[in-house]
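# Coordinate analysis (summary)
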Amino acid sequence: MTELKKEEEKSLNFLEEIVEEDLKSGKYSSVLTRFPPEPNGYLHIGHAKSICLNFGLANKYGGKTNLRFDDTNPVTEETAFVESIKADIQWLGFQWANEFYASDYFEQLYEYAVTLIKKGLAYVDDSTSEEIAAQKGAPTEPGKRNQYADRSIGENLHLFAEMRAGKYKDGEKVLRAKLDMTSPNMHLRDPVMYRIRHAHHHRTGDQWRIFPMYDFAHGQSDSIEKITHSICTVEYIPHRPLYDWFIKELGIYPSHQYEFARLNLTYNVMSKRKLKQLVEDKHVTGWEDPRMITVSGLRRRGYTPEAIRDFCERVGVVKRESLIEMSLLEFCIREHLNKVALRRMVVFDPLKVVITNYPEGQTEMLNSEDNPEDPDTSQRQVPFSRELYVEQEDFMENPPKKFFRLAPGQMVRLKSAYIIKCDEVVKDDKGHVTELRCSYIPESRSGADTSGLKVQGTLHWVSVATAIGCEVRLYDRLFRVEDPSNEDGDFKDYINPASLVVVNHAFAEPALKTAQFEERYQFLRKGYFCLDRDTSEDKLIFNRTVTLKDGWARKV
RNA sequence: UGCCCGAUAGUAUAAUGGUAGUACGACAGAUUUUGGUUCUGUUUGUCUUGGUUCGAAUCCAGGUCGGGCAACCA
């Protein structure tokens, strides 16, 4: 009941409003959307937003979504990208109704072009691309039509057939729509419909020598599939009149295009071109580097599909451009991981603690909850003994006020174990603290504390004898400025030099010996982590997905 | 200075002519065997100038600012 009410109160975004209106008015009886990636790269979080939007909209109104690869440019597209894109969509939790390719429609598109030629609405142009660009004019200046626009329908038909047959070289001829060279909208100044490319296509092989441009493929593909709502980003707004014009002149199913603003994230770049540069210039290890905001990078970093979907839901859908704060994405992943991550203890920078009043050679197994957020949580056993490691940063010889950790004479609780008191600080000749000698309070054992003592701080720790050495990769934001694309000079100058810090020898509690790839962990007081695929038989490697919120660090 | 799109707290988003609300962030407090979580509170907003109206964030006009458009890319 409350759930239902909540649903009713939640306002619709502008696309949902359009869909509801169209359904209500009977313009459409059902919804069919599509996600149309070009298989020339990896999907990033901006694509994830589009995926959530297209699949989410159809899902909400009982419709379906097609996956359609926009593969009209053979020189940039590859089957390998098709596979990674499909894997990413499924990982995000969506399933398409049909898997289509724009290249499936090449024959039909060719027929459409012939139709337009016959209507006197398309012509073959022999100009070079430079000449065409020059004749197009400028936004403030009308373009001029050249003599090729006067070719007869018969000649155009003949030449276009020859283009298809492979009689001409790349760039020798194009097919253009005959629209309006004086239009204030540059896209309407006799746009190119077909160009010649003697290149191998990932699906049609060497069957075609001419390939349709985006504008002559996308709308018609939507129409062929009877897509009702074709959703794209705002940079396609000026293309919409063309989209509608082709559909109208061809007299085919009237799909409609709607636009929303693309996603931008602080401390990131979002264009495929820039992401590619990061990979090629080796600022990252590849498209799947955990610092990349690609879907595969986020996955390797430890982000969950649930968190990404939640994020895409929260950022909203509008037409105005925006720059979303990274903190929102971090909030989403923390919120999910807090509920599902197994709690474990790992010391990154060890400081040895000897419990002087604890018997030598003795080990006791202490219970600790796997997840305190879960009322039915399972427990694991953590070994406690005389020699332990705690974090270097959890000790200060001359602590400031409100430092609730170890300091000479100060007491702390060791998580799930005992309260200890720091009695003595051992240093080397250079004055560096090498060891703490502490005493424990036997009556203060977790779950059976009769000591009556109250301490402010609780530390994570591991037992020296049973600690597992492991590597921990600490990832941080890739850029040191909020909007690297908007800074002076090259965006790459603003890369965060500390975006990856490797801890080579961390010490983990023994329960992590059986760490699983699909499992998520919270290293107590450190953050959320997952196993990296570089893990081998003899070395565990963990990636930090995100830190814990740290109220203390902010104050100091 | 052509055409198109847009402008609500720091950020994002709602209010569809009638009380400017929500989330994230920040700050403060409570709880806590994670300085986490949870809970409570505080903070800050309708780009501007006119007009229409009993009443304008909302409608109209001018301005300002931001973004997009001149690939045989998508």
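Scroll up to find the structure this text is about.
Since the model is a prediction, treat every value here as computed from it, not as a measurement.

## What about helix H12 (residues 305-315)?
- Among the residues making up H12, those that are buried are Pro305, Ala307, Ile308, Phe311, Cys312 and Val315. One side of H12 carries all its buried residues, which in axial view fall inside an arc of 165°.
- Those residues of H12 that are buried are in contact with helix H3 (45-60), helix H4 (79-92), helix H11 (295-301) and helix H13 (326-340).
- Phi for Gly316, located one or two positions after H12, is positive at around 85°.

## Topic: empty space enclosed by the protein
- Within this structure, the stated rule accounts for two cavities of 30 Å³ or more.
- In this structure, the largest cavity spans a volume of roughly 90 Å³.
- For the lining of the largest cavity, the residue count by class is eight nonpolar, one polar and four charged.
- For the second largest cavity, the calculated volume is near 50 Å³.
- Considering the residues around the second largest cavity, the lining is formed by Tyr214, Asp215, Gly219, Gln220, His239, Tyr243 and Gln257.
- Tallying contributions element by element places helix H8 (residues 214-225) first for the lining of the second largest cavity, with four residues.

## Notes on H4
- For H4, spanning 14 residues, the distance from its first C-alpha to its last is 20 Å, which sits close to the expected 20 Å at 1.5 Å a residue.
- Within the sequence span of H4, burial applies to Phe81, Val82, Ser84, Ile85, Lys86, Asp88, Ile89 and Leu92.
- As for H4, its buried residues are in contact with strand S1 (32-35), H3, strand S2 (64-69), strand S3 (98-101), H11 and H12.
- Backbone geometry just after H4 places Gly93 at a positive phi near 105°.

## Some details on the protein's contact with RNA strand B
- The local shell around RNA strand B holds 64 residues, among which Glu17, Arg343, Ser446, Gln522 and Arg525 are the closest.
- Within the contact set of RNA strand B, a base oxygen lies 2.9 Å away from a backbone nitrogen or oxygen of Phe404.
- Of all the secondary structure elements, the ones that give two or more residues to the surface near RNA strand B are helix H6 (129-135), strand S6 (192-196), H12, H13 and helix H14 (551-555).
- For the surface near RNA strand B, the leading source of residues is H13, giving four residues.
- The residue inventory of the surface near RNA strand B, partitioned by class, reads 24 nonpolar, 19 polar and 21 charged.

## Observations regarding unusual backbone geometry
- One non-glycine residue, Lys402, lies in the positive phi region at around 65°.
- Assignment of secondary structure puts Lys402 in the loop between strand S15 (387-391) and strand S16 (411-414).
- Looking at Lys402, the relative accessible area reads 62%, which means it is exposed.
- For Ser416, which is not glycine, the phi dihedral falls at a positive 65°.
- Position of Ser416 relative to the elements: it lies in the loop between S16 and strand S17 (419-427).
- Take Ser416: its relative accessible area is 9%, and that puts it in the buried class.

## Side note on the sheet that holds S1
- Spatially, S1-S2-S3 is the arrangement adopted by the three strands of the open sheet, whose pairing is parallel. Every other strand in the sheet has two partners, leaving S1 and S3 as the edge strands with one partner each. Strand-to-strand twist across the sheet, computed as the mean angle between neighbouring axes with direction ignored, equals 30°.
- As paired elements, S2 and S3 share four bridges and run parallel to each other. Within S3, the position partnered with Asn66 by the bridge is Asn98.

## Thoughts on the sheet that holds strand S21 (residues 468-475)
- With mixed pairing, the seven strands of this open sheet are ordered in space as S10-S23-S24-S25-S21-S22-S11. Looking at the sheet topology across the chains shown, the edges are occupied by strand S10 (342-344) and strand S11 (346-347).
- Sheet analysis places S11 next to strand S22 (residues 500-508), joined by two bridges and oriented antiparallel. Along S22, the bridge assignment pairs Val347 with Phe507.
- Against the sheet, H13 touches S10, strand S23 (521-523), strand S24 (527-531) and strand S25 (540-546), its axis set at about 125° to S25.

## Section: the side chain of Asn73
- Within the secondary structure, Asn73 is located in the loop between S2 and H4.
- We classify Asn73 as buried; its relative accessible area is 18%.
- Once you skip the residues sitting within four places of it in the chain, Asn73 turns out to touch Glu38, Arg195 and Arg197.

## So, the packing of aromatic side chains
- Throughout the structure, instances matching the rule amount to 26 aromatic pairs.
- A ring pair is formed by Phe348 and Phe529, whose centres lie 5.8 Å apart and whose planes are at 90°; its orientation type is edge-to-face. Pair noted here: Phe348 is in the loop between S11 and strand S12 (350-355) and Phe529 is in strand S24, with a separation of 181 residues, a long-range link.
- Note on Phe348: relative accessible area 10%, which makes it buried.
- Judged by its relative accessible area of 1%, Phe529 is buried.
- One aromatic cluster is present, formed by Phe106, Tyr110, Phe160, Tyr194, Trp208, Phe211, Phe216, Trp245 and Phe246 through successive ring pairs.
- The cationic tip of Lys173 hangs over the ring face of Tyr168; the distance from NZ or CZ to the ring centre is 4.2 Å.
- Taking NZ or CZ as reference, Arg477 lies 3.8 Å from the ring centre of Tyr267, over its face.

## Regarding the packing of helix H5 (residues 106-118) against helix H9 (residues 240-250)
- For the pair H5 and H9, interaxial distance at closest approach is 10 Å and the crossing angle is 75°. Of the possible angle classes, the one that applies to H5 and H9 is roughly perpendicular. Listed contacts from H9 to Tyr112, Thr115 and Leu116 of H5 are Phe246, Glu249 and Leu250.
- Its residues assigned to classes, the contact of H5 with H9 comprises four nonpolar, one polar and one charged.

Rules of the game
Residues numbered from 1 in each chain as written. Chains lettered and ligands numbered in written order. Predicted model: local features only at pLDDT ≥ 70, side-chain atom pairs only at ≥ 80, totals over all residues. Heavy atoms only, no water. Buried < 20%, exposed > 50% of the residue type's maximum accessible area, 1.4 Å probe, protein only. Helix = DSSP H or I, 4+ residues; strand = E, 2+ residues; numbered from the N terminus. Arc of directions from axis to C-beta. Contact = heavy atoms within 4.5 Å. 1 Å grid on protein atoms, 1.4 Å probe; cavity = no way out; pocket = protein on both sides within 12 Å on 5 of 7 lines; lining within 4 Å. Points joined across faces, edges and corners; volume = space filled by probe spheres on them. Nonpolar A, V, L, I, M, F, W, Y, C, P; charged D, E, K, R; others polar. Expected span 1.5 Å × (residues − 1). Near = heavy atom within 4 Å. Polar contact = N/O pair within 3.5 Å; in protein donor to acceptor, adjacent residues only side chain to side chain. Pairing = 2+ DSSP bridges. Axes fitted to C-alpha atoms, helices over the stretch in contact; angles between N-to-C directions. Phe/Tyr/Trp six-rings, centres within 6.5 Å; stacked < 30°, edge-to-face > 60°. Lys NZ or Arg CZ within 6 Å of the ring centre and 35° of its normal. Parallel < 35°, antiparallel > 145°, perpendicular 65-115°, else oblique.

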